[in-house]
Amino acid sequence: MIVVVFLIWCSSLNTAIAQDLSKEQERLIQIYSQRYLGKSKQWVVIMKSIRMTECNQFRCYKSSKKGDNSFGGWQIQPATARDVMGYLEMKEILNDEQLINRLIYDDKFSTKIAVRYFAWLFKETNDLDLAIISYNSGIGDVINKLKGGKPLPQEYLRKVRKLLNKNL
């Protein structure tokens, strides 16, 4: 019941608050992009493009894709968030509900997790396009398709690239 009331309250927020949070989200993207990816402004634009591809609304909740267990503006799966938390040596122990709430409502937490995860993907693939595809499909799926000579999904990459071209 409390969650339903909270969601109704969130949906009634005015656009001034949404604009302020949007500026805060951009600030967080800039901070964590510089920390985990490098000083180039290109990384900020890449991460903004990924964020806008994942969710171009004020607040995103659960993925609308059937069978997808991703949450928040960055559409991160809880298992991925836990892996990144371990990599970052974050000592917090969160149950599934707590973790999902953090992914949805804590922009600082979710942005830190998303940017650090992307930095790891880029380090592993050493290729921007493969890192972008891996963010959406999972690195295991990308590796398996490459090994099997199967084509990689291109739709997500096209969406991110379209936003990149607008923002560069």
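Residues numbered from 1 in each chain as written. Predicted model: local features only at pLDDT ≥ 70, side-chain atom pairs only at ≥ 80, totals over all residues. Heavy atoms only, no water.

### Side note on the overall build of the protein
Within the protein, the secondary structure is distributed over nine helices and zero strands. Secondary structure elements of the protein occur, N-terminal to C-terminal, as α-α-α-α-α-α-α-α-α. Buried residues in the protein amount to 40% of all 168 residues. For the protein, restricting intrachain contacts to residue pairs at least 6 apart in sequence, the fraction spanning at least 24 positions comes to 52%. (Helix = DSSP H or I, 4+ residues; strand = E, 2+ residues; numbered from the N terminus. Buried < 20%, exposed > 50% of the residue type's maximum accessible area, 1.4 Å probe, protein only. Contact = heavy atoms within 4.5 Å.)

### Focus: the environment of Lys159
Its place among the elements puts Lys159 in helix 9 (residues 155-167). You can call Lys159 partly exposed: its relative accessible area is 43%. Residues Lys159 and Met52 lie 107 residues apart in sequence; the distance between their C-alpha atoms is 9.4 Å.

### What to know about the confidence of the model for the protein
In the predicted model, the protein carries a mean pLDDT of 84, and the fraction of residues at 70 or more is 82%. Note that residues 1-21 has pLDDT below 50 and, in this model, nine contacts with residues that lie over four places away or in other chains. (pLDDT = per-residue confidence, 0-100.)

### Remarks on the environment of Cys60
Along the chain, the position of Cys60 falls in the loop between helix 3 (41-54) and helix 4 (78-87). A C-alpha to C-alpha distance of 8.4 Å links Cys60 and Trp74, two positions 14 residues apart in sequence. Leaving out residues up to four positions away in the same chain, Cys60 has contacts with Cys55, Gly72, Gly73, Gln75 and Ile104.

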